[in-house]
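Remarks on the overall topology
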Protein chains: 2
Amino acid sequence: MTIFPQITIIGMGLIGSSLARGILESKISNRLIVCDNNAEHCQLSRDLKLADDILDDPAKAVKGSDLVILATPVGTYGDLGQIICPEMKSGAILTDVGSVKGSVVKILSPLMRKDCHLIPGHPVAGTEQSGPRAGFAALFEGRWCILTPPLNAPAAMVSRLEKFWQALGSKVELMTPDHHDMVLAITSHLPHLIAYNIVGTARHLEEVTKSEVIKYSAGGFRDFTRIAASDPTMWRDVFLNNKDAVLEMLARFSEDLTALQRAIRYDEGDKLFELFDRTRRIRKEIIDAGQEEDIADFGRHKDEK
Amino acid sequence: MTIFPQITIIGMGLIGSSLARGILESKISNRLIVCDNNAEHCQLSRDLKLADDILDDPAKAVKGSDLVILATPVGTYGDLGQIICPEMKSGAILTDVGSVKGSVVKILSPLMRKDCHLIPGHPVAGTEQSGPRAGFAALFEGRWCILTPPLNAPAAMVSRLEKFWQALGSKVELMTPDHHDMVLAITSHLPHLIAYNIVGTARHLEEVTKSEVIKYSAGGFRDFTRIAASDPTMWRDVFLNNKDAVLEMLARFSEDLTALQRAIRYDEGDKLFELFDRTRRIRKEIIDAGQEEDIADFGRHKDEK
């Protein structure tokens, strides 16, 4: 079912290349153009036959497309917007897949032509891997995609973009950019920051050699290295572009951590137990909601034992 | 190959029941006795045929055994030691699987008879699940087991316990209890504390509903809930029994986090990128060391897509 006759994806990383695969598989469009400024990504995309046309010039890539999707780090949106906005087809939608939304609106809104529609988006899905090879069509299945349309966005356009994500298997939710940025600060940005930080702290230890950190990583550290292996450019841009919400969540996290530290120092076992018991339950709710599988993880999977 | 003619395991949680399965499969002993004060665990162990004999009285359970393994939360060791030490067979080894080692030596050493041998141990393996059903023999395969024998432990006894763990598929390393506690504070205890804390912080938020935290957990939060679903009693005891090392690592973590917070506040993108880029590499080393598989995790596995 064609939803957008022609689509352009700019950026062939994990998300861009997963989108390309999903669009080709589901026949959402008749023609798919992808664009990347990295020659290796372009060549890989050609080898993997991820699009009808593969270009390195975004101005050319967006021409005639009904939907243009930015799938590059948020820090590139300003320059890209200046290049592509004048070239976009009249009536086309410009969307994105960035992990922050308030900044995206601030950056792109002033560059938009009146006859085009900005509807920012964020598929809450991913793995720790990057590049055109890492993508796969099923990445979005059963995951939520958040859209943050401006108040003046035509309802028909928003609905068309909703259908696009639903065709890829996603569930769609609409919210304001500010609410998105606060929700994601706690469910995604802070977890990444904490993971990057603990891996960094481990690297600094002189008393514990690096080989010991690696050998005994099965005790829990291992799980944090997965998140801390995510794309550094993307994450730098996330933190620089969602500063207020991240700093706010970080302040709450640090307060709570100080309370926990105090409970350990003064042997307050009951306080520790109470927290550890409460947090256990939330896991079950995430599994029940289909956002995680209930398979014990021990660094490999049981069926491989 | 019989290594210990008779073995007793006290505590049939994840680790105890995994040990029972591994011992039965590998025929390390001729007779396996297990003991648990939880009637449900005893019944489950009977139903699952996890031992030759299943008792609820530790004094009786240790009689005649050549190896006694404590697999209960560390907070129970004092009481258990007083009950079992007088009943142990002369020449037997008392070991454990606790996640802390300094406290274990302090708690159990004064209770030991001169004709028995205390050799504390810690298999660095696990999942977030608990109880007799959660165990499986392959849990220890390819993982490290750390032994912290006292200086006066007979070499032949230490070597026999090493062979026991090797027969279960583990690699064995010897170190002092203090070094163990510091290494595990960073590779296991601090990661768990941070995970419990962030899940707790998320629960407190009024602006973000609980359903939103669950829906959008695929952004990273999900991974923390796995660790924060670990057994609360076990972890309370870990923190109370490795206070110094945990508080020390926590102080370093907090210093580093403050620096990161400052980098975000003052838009120091280069500092963020530099850290995020460095932490990425340690992941590869963990995979190369066989402590994690190189399969992208997105809440389910690719072969299930």
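Residues numbered from 1 in each chain as written. Chains lettered and ligands numbered in written order. Predicted model: local features only at pLDDT ≥ 70, side-chain atom pairs only at ≥ 80, totals over all residues.

**Some points on the overall build of chain A**
Counting its regular elements, chain A contains 12 helices and nine strands. Residues counted as buried form 55% of the 305 residues belonging to chain A. Counting contacts in chain A only where the partners sit at least 6 residues apart, residues at least 24 apart contribute 74% of the total. (Helix = DSSP H or I, 4+ residues; strand = E, 2+ residues; numbered from the N terminus. Buried ≥ 20, exposed ≤ 12 C-beta atoms within 10 Å, placed from the backbone. Contact = placed C-beta atoms within 7 Å.)

**Quick notes on the packing of helix H7 (residues 177–204) of chain A against helix H11 (residues 243–265) of chain B**
Interhelical geometry of H7(A) versus H11(B) gives an angle of 125° and a closest axis separation of 9 Å. When the interaxial angle is binned, H7(A) and H11(B) end up oblique. Note that H7(A) runs across H11(B); the crossing there is right-handed. Contacts from A:Leu193, A:Asn197, A:Ile198, A:Gly200 and A:Thr201 in H7(A) reach B:Arg252, B:Phe253, B:Asp256, B:Leu257 and B:Leu260 in H11(B). The class makeup of the residues in the contact of H7(A) with H11(B) is five nonpolar, three polar and two charged. (Axes fitted to C-alpha atoms, helices over the stretch in contact; angles between N-to-C directions. Parallel < 35°, antiparallel > 145°, perpendicular 65-115°, else oblique. Left-handed = near helix turned anticlockwise from the far one by under 90°. Nonpolar A, V, L, I, M, F, W, Y, C, P; charged D, E, K, R; others polar.)

**Quick look at the confidence of the model for chain A**
Residues and elements named next belong to chain A. Per-residue confidence for chain A gives a mean pLDDT of 92; residues scoring 70 or more make up 95%. Of the regions scoring below 50 in pLDDT, residues 300–305 engages in eight contacts with residues more than four places distant in sequence or in other chains. Our summary of model confidence lists the complex with pTM equal to 0.88 and ipTM equal to 0.88. (pLDDT = per-residue confidence, 0-100.)

**What about the sheet that holds strand S6 (residues 117–118) of chain B?**
Residues and elements named next belong to chain B. Overall, parallel pairing links the six strands, which are arranged S3-S2-S1-S4-S5-S6 in an open sheet. Of all the strands in the sheet, just strand S3 (53–55) and S6 have a single pairing partner and so form its edges. As paired elements, strand S4 (residues 67–70) and strand S5 (residues 93–96) share four bridges and run parallel to each other. Considered in S5, the bridge of Leu70 is made with Asp96. (Pairing = 2+ DSSP bridges.)

**Let's talk about the nonpolar core**
Judged by nonpolar contacts, the single largest core of 187 residues is most densely connected at A:Val34, A:Ile69, A:Leu190, B:Val34, B:Ile69 and B:Leu190. Ignoring anything within four residues of it in the chain, the contact list for A:Val34 reads A:Ile9, A:Met12, A:Gly16, A:Ala20, A:Ser45, A:Leu50, A:Ala51 and A:Ile54. (Core = buried A, V, L, I, M, F, W, Y, C linked by C-beta atoms within 7 Å.)

**Quick look at the interface of chain A and chain B**
Across the boundary between the two partners, chain A contributes 96 residues, which contact 96 residues of chain B. Among the secondary structure elements, those contributing two or more residues to the side of chain A that touches chain B are H7, helix H8 (210–215), helix H9 (221–227), helix H10 (232–241), helix H11 (243–265) and helix H12 (269–288) of chain A. Split by residue class, the side of chain A that touches chain B holds 50 nonpolar, 20 polar and 26 charged.

**Topic: the relation of the copies chain A and chain B**
Between chain A and chain B, the superposition needs a rotation of 180° and an axial shift of 0.0 Å, giving an RMSD of 0.0 Å. In the structure described here, the two chain copies are related by an operation that fits a two-fold rotation axis. Taking C-alpha positions as the reference, the residue of chain A nearest the rotation axis is A:Asp223, at 3.6 Å. Here 100% of the interface residues in chain A have copies in chain B that are interface residues too; the copies meet face to matching face. (Least-squares fit on C-alpha atoms with pLDDT ≥ 70 in both.)

**Some words on the domain arrangement of chain A**
Where interface size is quoted, it is often the accessible area lost as the parts come together. Residue and element names in this part refer to chain A. What the domain assignment reports for chain A is domain 1 (6–175) and domain 2 (179–292). Taken together, the contact pairs 16 residues of domain 1 with 17 residues of domain 2. Residues of the side of domain 1 that touches domain 2, tallied by class, amount to five nonpolar, nine polar and two charged. (Domains from an automatic or database assignment.)

**Section: the environment of B:Met249**
All names here are of chain B. Looking at where Met249 falls in the secondary structure, it is placed in helix H11. The sequence separation of Met249 and His189 amounts to 60 residues, and the corresponding C-alpha distance is 9.3 Å. Filtering out sequence-adjacent residues up to four positions away, Met249 remains in contact with Ala185, Ile186 and Leu190.

**As for the packing of H12(A) against helix H10 (residues 232–241) of chain B**
At a minimum axis distance of 9 Å, the contact between H12(A) and H10(B) shows a crossing angle of 140°. One finds that H12(A) runs oblique with respect to H10(B). The hand of the H12(A)/H10(B) crossing is right-handed. Contacts between H12(A) and H10(B) involve A:Gly269, A:Leu272, A:Phe273, A:Phe276, A:Asp277 and A:Arg280 from the former and B:Pro232, B:Thr233, B:Trp235, B:Arg236, B:Phe239 and B:Leu240 from the latter.

**Some remarks on the environment of B:Leu260**
Looking at where B:Leu260 falls in the secondary structure, it is placed in helix H11. Taking the C-beta count within 10 Å as the criterion, B:Leu260 has 21 such neighbours and is therefore assigned buried. Distance in space between the C-alpha atoms of B:Leu260 and B:Leu275 is 9.1 Å, their sequence separation being 15 residues. Residue contacts for B:Leu260: discarding those within four places in its chain leaves A:Leu193 and A:Asn197.

**Quick word on the sheet that holds strand S7 (residues 121–123) of chain B**
Whether parallel or antiparallel, the strands of a sheet pair through hydrogen bonds between backbone atoms. Residue and element names in this part refer to chain B. The three strands lie next to each other as S7-S8-S9, forming an open sheet whose pairing is mixed. Here the strands that pair on one side only, and so sit at the sheet edges, are S7 and strand S9 (171–174). Averaged over all pairs of adjacent strands, the angle between their axes in this sheet comes to 20°, without regard to strand direction. Relative to strand S8 (residues 144–147), S7 runs antiparallel, the two being bridged by three bridges.

**Points about H11(A)**
Between its first and last C-alpha, H11(A) extends 32 Å over 23 residues, near the 33 Å set by a 1.5 Å rise per residue. The set of residues buried in H11(A) consists of A:Ala245, A:Val246, A:Met249, A:Leu250, A:Phe253, A:Leu257, A:Leu260, A:Ala263 and A:Ile264. Contact partners of the buried residues in H11(A): H7, H10 and H12 of chain A together with helix H7 (177–204), H10 and H11 of chain B. Where H11(A) terminates, the next one or two residues include A:Asp267, which has phi positive at roughly 55°. (Expected span 1.5 Å × (residues − 1).)

**Digging into the pairing of strand S5 (residues 93–96) of chain A**
Every other side chain in a regular strand lies on the same face of the sheet, so the side chains alternate between the two faces. Residue and element names in this part refer to chain A. Neither face of S5 is left uncovered, since the one carrying Ile93 and Thr95 and the one carrying Leu94 and Asp96 both have all their residues buried. Each parallel crossover has a hand, and for strand S4 (residues 67–70) linked through helix H4 (residues 77–84) to S5 it is right-handed. Where S5 lies against strand S6 (residues 117–118), two bridges are found, and the strand directions are parallel. Of the residues in S6, the one forming a bridge with Ile93 is His117. (Right-handed = clockwise from strand over helix to strand, strands pointing away.)

**Structural notes on the pairing of strand S1 (residues 6–10) of chain A**
Residue and element names in this part refer to chain A. In terms of residue burial, S1 counts as a mostly covered element, since five of its five residues are buried. Pairing of S1 with strand S2 (residues 31–35) involves five bridges; the strand directions are parallel. Bridge pairing in S2 links Thr8 to Ile33. Between S1 and its parallel partner S2, the chain crosses via helix H1 (residues 14–26), and the hand of that crossover is right-handed. With four bridges joining them, S1 and S4 adopt parallel strand pairing. Bridging from a neighbouring strand, Ile10 pairs with Leu70 of S4.

**Observations regarding the environment of A:Trp235**
Tracing the sequence through the fold places A:Trp235 in helix H10. When neighbours within four sequence positions are excluded, A:Trp235 is seen to be in contact with A:His192, A:Ser230 and B:Phe276.

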